[in-house]
Amino acid sequence: MTPSDRSRRSFLRSSVALAGTIPLTAARSAAVAREGEGPLMAYVGTFSSPLRDVLPTQVDLPPGNGRGIHLFQMDRTTGALKPAGLHEMGTSPSCLALSANGTRLYSANETDRVGDDKQGTVSAFAVDRADGHLTPLNSVQSGGAGPTYVSVHPSGRFVLVANYFGGSVAVLPILPDGRLGEASEIKTDAGTIGPARTKNAPTGSFAFSGHDRTHAHMIQADASGRFVLHVDLGLDQIFVWKFDDRKGVLTPNEPHAIALPPGDGPRHFHFHPNGRWLYSIQEEASTIVLFDYDANLGRLAPRQTISTLPPGFAGSNFGSEILVSADGRFVYAGNRLHDSIGIFAVGPRGDLTYVGEEWTRGNYPRSFSFDPAGQFLHCCNQRGDNIATFRVDRKAGGLQFTGHYTAVGNPSCIIFLDLGKVG
């Protein structure tokens, strides 16, 4: 038995012992189900066509097994996903975002190629609040090639886009009817590309993904909306922008960027619910960095670095997703190739302690999300062509596989909308 196996099995035993577990959790879920008057929808973005016109160093080449945006209804008691529709798109809507009132959905269409500079597109949809079905509104150019991330600004008036292959970020105005306008701002990343290998990767790692050019990988505003942060994997930097929510314009903050170690490859980040801590996951180093965040000045200060992997791991791995639980007690980090979700307890000052990890039941976990009640975690196994559902032990942080697999080709992201709540 390997150290990883021992760690996993030991953690599962302790998690079950501490939880009290399934009866209480299931009863709580049943209560939630009774409260909801409408379906709980899940929208899954997929790679529905192969990536084209990419550099030879691109290691993640999904074949395009998805069919577009897949719709499901989630059983509030068991977490199981039941097919509820499909909006077919051949442009790989790999990242999705909902408006705050749940009436509009936006997709980043990563494999679309428009114009001489082969830009991707972002699409807007109206959401039917009765059954969750989607009606297309319009699509606009994303401001660069390969849009890989979209988020809605807290003002509700803009969509923020990170273009991975274009190395750019853009601001798209949301028009009164929910359609998207042409970009009010496009910023292109520039600087010195990091090395092909990082000193901070696990022993024996050959992980190499994005240090061939600039790669904007994520963009998100802080809770106030005054500042917008985005990461560039190739530059090993997190950029901070001041945001004008009247004009949709980005202005460099002071300081404008904070550097991660060369070659580490920052990919995603997530704010703690208190707004004072930010956790960044590095794709090639397989690390999490804790930053203190000054919300008044939009400044980041690194304070802790910890591996996403179990002690003793050696070999190649790519970090993927990072999420903080809604109560702020645990951080979850995705590991592709190791095919696990690392689980970390959050200390009084935000510091992380490794607790254990859970096997994702599929190959290459690209992302995962909690349902709105925080009872279940759904993991998108990109190369495994499935979504695996886990029950969350909210006391100990553990994940217990429910036995529910959902077949989806090349799933990239999953988001939820509770139609039982008023928008």
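All figures in this text were calculated on a predicted structure; none of them were measured in a lab.

Draft legend 1. Spotlight on the overall build of the chain. Along its length, the chain carries 2 helices and 28 strands. Rg of the C-alpha trace for the chain: 20 Å, near the compact-globule value of 22 Å for 423 residues, within the 12% margin. Dimensions of the chain along its principal axes, counting C-alpha atoms only, are 55 × 50 × 45 Å. Buried residues in the chain amount to 60% of all 423 residues. For the chain, the accessible surface area stands at approximately 16,100 Å², while carbon and sulfur atoms represent 53% of it.

Draft legend 2. Broad picture of the environment of Y364. Among the structural elements, Y364 can be located in the loop between β23 (352-359) and β24 (365-370). Along the chain, Y364 and N335 lie 29 residues apart, while their C-alpha atoms are 7.6 Å from each other. Contact partners of Y364, with chain neighbours within four places excluded, come to D60, F318, R336, L337, D339, C380, N381, Q382 and R383.

Draft legend 3. Up close: the confidence of the model for the chain. When the pLDDT values of the chain are averaged, the result is 92; 91% of them are 70 or greater. Considering only residues more than four positions removed or in separate chains, one finds that residues 1-35, a stretch of pLDDT under 50, has 51 contacts.

Draft legend 4. Spatial organisation of the sheet that holds strand β1 (residues 40-46). Judged by pairing direction, the sheet is antiparallel, and its 4 strands sit side by side in the order β3-β2-β1-β28 without closing on themselves. Each edge of the open sheet is held by one strand with a lone partner, namely β3 (81-88) and β28 (411-418). The sheet shows a mean angle of 25° between the axes of neighbouring strands, direction not considered. Sheet analysis places strand β2 (residues 68-74) next to β3, joined by 7 bridges and oriented antiparallel. Bridge pairing links F72 to P83 in β3.

Draft legend 5. Molecular detail of unusual backbone geometry. Here the amide bond leading from E254 into P255 is cis, since omega sits at -5°, within 30 degrees of zero. With respect to the element layout, P255 can be found in strand β15 (residues 249-259). Positive phi values are uncommon outside glycine, yet L337 reaches one of about 90°. Assignment of secondary structure puts L337 in the loop between β21 (330-336) and β22 (340-346). Here L337 falls in the partly exposed class, since its relative accessible area comes to 37%.

Draft legend 6. Quick look at the nonpolar core. Ranked by size, the top nonpolar core spans 44 residues in total, and within it V159, L180, L229 and L300 carry the most contacts. For L180, the contacting residues outside a window of four places in its chain are Y106, V122, S123, A124, N138, V140, V159, L172, P173, I174 and L175. Grouped together as the second largest cluster of nonpolar side chains are 16 residues, I69, M89, L96 and L419 included.

Draft legend 7. Quick peek at the sheet that holds strand β26 (residues 386-392). Within the open sheet, the 4 strands sit side by side as β24-β25-β26-β27. Their pairing is antiparallel. For this open sheet the edge positions go to β24 and β27 (399-407), each flanked by a neighbour on one side alone. Taken pair by pair, the neighbouring strands of this sheet meet at an average axis angle of 25°, ignoring direction. Across 5 bridges, the pairing between β24 and strand β25 (residues 376-381) is antiparallel.

Criteria and cut-off values
- Residues numbered from 1 in each chain as written.
- Predicted model: local features only at pLDDT ≥ 70, side-chain atom pairs only at ≥ 80, totals over all residues.
- Heavy atoms only, no water.
- Helix = DSSP H or I, 4+ residues; strand = E, 2+ residues; numbered from the N terminus.
- Rg over C-alpha atoms; globule rule 2.2 N^0.38 Å.
- Buried < 20%, exposed > 50% of the residue type's maximum accessible area, 1.4 Å probe, protein only.
- Areas by Shrake-Rupley, 256 points an atom, 1.4 Å probe, with all protein chains shown as cover.
- Contact = heavy atoms within 4.5 Å.
- pLDDT = per-residue confidence, 0-100.
- Pairing = 2+ DSSP bridges.
- Axes fitted to C-alpha atoms, helices over the stretch in contact; angles between N-to-C directions.
- Core = buried A, V, L, I, M, F, W, Y, C linked by side-chain atoms within 4.5 Å.

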